[in-house]
Amino acid sequence: MKTNKIIKFIVASLIVITISSCEDFLTQVNPNEITTDSYWTKLTDTNSGLTAVYNAFRDMDVMGTKYEIPRSDASYPGYGRPNTTNVYYLQMFNASSDGSNKKWEKLYIGIFRANQVIFGLEGIKENMVSEEELLDWQYQMGQARFFRGMFYHYLHSSYNNGSVILYDFLPETEADFNQPVTSAEDIKAFLREDLTYALENLPDTWTDYAGPGEGVSEGTPVNNSNLGRVTAGAAAALLGKSYLFEGDYTTAAMYFKAIIDSGLYRLMDNINDNFTANNEFNQESILEIGYDLSLKVDEGGSSNQGTTNTYANMFSNVGGYRSLYPANWLILAYRNDTPDPVDSRNHVGVDDLGDPIVRKFSLRTSYSIVLIDDEDCEPYYGNEIIADIGAFKNGESAYWKKLTNWETVTSEDDIFDKSGINYRVIRYADILLMYAECLIEGGKNEGGVQGALNYINQVRHRAALILLGGSANGAYASSTYDELVYTAESLMEHLMHKERPMELSGEGYSIRQLDLRRWGITKTRFEELASKDYYLAQYEWINGEGESKKKRGIMTEGVDEDYGTDLSEFTQAAINYREDAHAYWPIPVSETTANSKIN
């Protein structure tokens, strides 16, 4: 029988698994061999084990960004329009595809490592005597169970309609690894039990944050003690998501409101603090994966569980591969994300009459994506004039700025195709928007509309946007409101197709794909987008040498007979997508061919 592929990775983990035999000499204990019982003897051992769990979380295949974003409606998979062979974008992936196999593999590595720490801690609990030891033990167990619950939350959300293999023990033989799948309900109960334990046993925070007048941005961490460790707030956020995903708005709202009311989190004044290396692990961050370019400088960016990542290469058009860039509809949404004209944060100068000149695109737009005609943004990879960059060709009109090093280098090549920017998994802005959705119960509760508007407007006000609803009921007296009357249904449409995708694109754990699926609109969304026509309008500018230039680079919906590039999107996805085959990843072939208990 073929050995389970996962076993290979356990060998490289914290303990050596000993295999028993009927031969007497093989059953004798080797005094030089580290066993489960001999390794886990003190809290420093289990803390080292936790480091390995955090390293498993750092592996980019856990988030699976390069697979998950194309599965949604949020992106086009790289250059070469109109042709692509990306099976995730085309909705042609299957159990043999890398996305299914690699994510599964890395999630179970994380589970096995967390289990080792959990059972190691259980073995030494009776040795804990002092209050300090007992508290350290509690926090370590809280972290280990958080991660086991989180990894199972991702498996339950992503694979086989939630029915996956449950390992609530330490497997030692091949027979132990060969387990059948457990029902989705039992997996859900198990992960919620772990996350509830984490919620009840983890600290609210591991660090202090700057307040007003401390010389740095409010919400910036002011010490590095245990920076990046998971917290009770992260456990609450995942529990809330698990209930939201099944449409239990009441219970989900309870968890989200507890986070909001805790006062532990805030929206950062500068939205860009969530996208670059500036002010990482800030007070808006609830769950974040840490990377560091200064460590292991000889390591390649794509090293598994390394200290750097390759997200910048994935997104950037300057020294990167631009293997993913925003879908046309999302580009248009960003272009129409209207700045508040009376908000001074949007004023970029004064005209001849002394009146303020309002920036062309919103701060959220300018910090999320790069547009050829964004003339008000900061220098991009050192370029004052974005249009001078040798990109924006082959039908490309925008690229993600998030997770790229555009502020600090002239090209991603400068740092050898790797990045130290942290990956934000859950932000406070996401909590506010999910809570707003809970208040209107997915568009069915008219009584929750004003409350939902208030929370959505917190997110919009941070980015100096025109606010939603009537000014008479608004919390920001000096801001501009659109003065529209929203129903629960129309506000839900706004959340689905504007607020959530623009605020959260390109980040988090499969946010857009999971949103589309839980709303039940994936197929119809692909069909709607496939029916649209686009072209690139002409942009004229004066380059850095004073020359007049023009290029087609402004995304426009409609038809221009003089434009020759096919910019249609999701045509094949609309045809190929089937709920039973593509809403969840299938159990990968690496598991089904190695595990005798799965047919």
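Residues numbered from 1 in each chain as written. Predicted model: local features only at pLDDT ≥ 70, side-chain atom pairs only at ≥ 80, totals over all residues. Heavy atoms only, no water.

Student: So what's going on with the overall build of the protein chain? Residues and values would help.
Tutor: Within the protein chain, the regular secondary structure consists of 23 helices and 10 strands. Computed over its C-alpha atoms, the radius of gyration of the protein chain comes to 25 Å, within 12% of the 25 Å expected for a compact globule of 599 residues. Classification of the 599 residues of the protein chain by burial places 57% in the buried group. Taking as baseline every contact in the protein chain between residues at least 6 positions apart, the subset at least 24 positions apart corresponds to 70%. Entry remark: accessible area of the protein chain is about 24500 Å², with carbon and sulfur atoms responsible for 48%. Side-chain charges in the protein chain split into 51 positive and 87 negative, and the spacing between the mean points of these groups amounts to 4 Å. (Helix = DSSP H or I, 4+ residues; strand = E, 2+ residues; numbered from the N terminus. Rg over C-alpha atoms; globule rule 2.2 N^0.38 Å. Buried < 20%, exposed > 50% of the residue type's maximum accessible area, 1.4 Å probe, protein only. Contact = heavy atoms within 4.5 Å. Areas by Shrake-Rupley, 256 points an atom, 1.4 Å probe, with all protein chains shown as cover. Lys, Arg positive; Asp, Glu negative; His and termini not counted. Charge placed at Lys NZ, Arg CZ, Asp CG, Glu CD.)

Student: Give me the pairing of strand β9 (residues 534-542): which residues, what numbers.
Tutor: Bridge analysis of β9 against strand β10 (residues 548-557) gives nine bridges, and the strand direction is antiparallel. If you follow L536 over to β10, its bridge partner there is M555. In sequence, β9 turns back onto β10 through a hairpin of five residues, with G546 there showing a positive phi of about 80 degrees. (Pairing = 2+ DSSP bridges.)

Student: Requested: an account of the side chain of R462, with residues and values cited.
Tutor: Looking at the element boundaries, R462 is found in helix α17 (residues 449-462). Only 3.0 Å separates the side chain of R462 from the backbone oxygen of M268, close enough to count as a polar contact. (Polar contact = N/O pair within 3.5 Å; in protein donor to acceptor, adjacent residues only side chain to side chain.)

Student: Give a detailed account of empty space enclosed by the protein, specifying residues and quantitative values.
Tutor: The full count for this structure, using the stated rule, is seven cavities of 30 Å³ or more. If you go around the largest cavity, you meet 19 residues; those closest to its centre are Y209, R229, T231, S285 and I286. Among the residues making up the lining of the largest cavity, the classes are represented as nine nonpolar, seven polar and three charged. Considered as a void within the structure, the second largest cavity measures approximately 190 Å³ in volume. Along its surface, the second largest cavity is lined by 20 residues, and I69, G506, E507, I511 and R512 are the ones closest to its centre. Secondary structure elements with two or more residues in the lining of the second largest cavity: α6 (65-71), α18 (488-504) and α19 (511-519). When the residues that make up the lining of the second largest cavity are grouped by side-chain class, the tally is eight nonpolar, seven polar and five charged. (1 Å grid on protein atoms, 1.4 Å probe; cavity = no way out; pocket = protein on both sides within 12 Å on 5 of 7 lines; lining within 4 Å. Points joined across faces, edges and corners; volume = space filled by probe spheres on them. Nonpolar A, V, L, I, M, F, W, Y, C, P; charged D, E, K, R; others polar.)

Student: Tell me about the packing of helix α16 (residues 428-439) against α17, and please be specific about residues and values.
Tutor: The contact between α16 and α17 brings their axes to 8 Å, and the two run at 160 degrees. With respect to each other, α16 and α17 are oriented roughly antiparallel. As for how α16 packs across α17, the hand of that crossing is left-handed. Along its contact with α16, which presents A429, L432, L433, Y435, A436 and L439, the element α17 presents G451, A452, Y455, I456, Q458, V459 and R462. (Axes fitted to C-alpha atoms, helices over the stretch in contact; angles between N-to-C directions. Parallel < 35°, antiparallel > 145°, perpendicular 65-115°, else oblique. Left-handed = near helix turned anticlockwise from the far one by under 90°.)

Student: Quick rundown of the environment of N83? Include the residues and the values.
Tutor: Relative to the elements of secondary structure, N83 occurs in the loop between β1 (75-76) and α7 (98-124). Take N83: its relative accessible area is 60%, and that puts it in the exposed class.

Student: Talk me through the side chain of E412; I want residue IDs and the actual numbers.
Tutor: Its location among the elements puts E412 in the loop between β7 (398-400) and β8 (423-427). In this structure, E412 is buried with no salt-bridge partner, the nearest side chain bearing the opposite charge being K418 at 12 Å. For E412, the side chain forms a polar contact with the side chain of Y381, separated by 2.5 Å. Leave out the neighbours within four places in its chain, and E412 touches A312, N313, S316, V318, G319, G320, Y381, T404, N405, W406 and D417. (Salt bridge = Lys/Arg side-chain N within 4 Å of Asp/Glu carboxyl O.)

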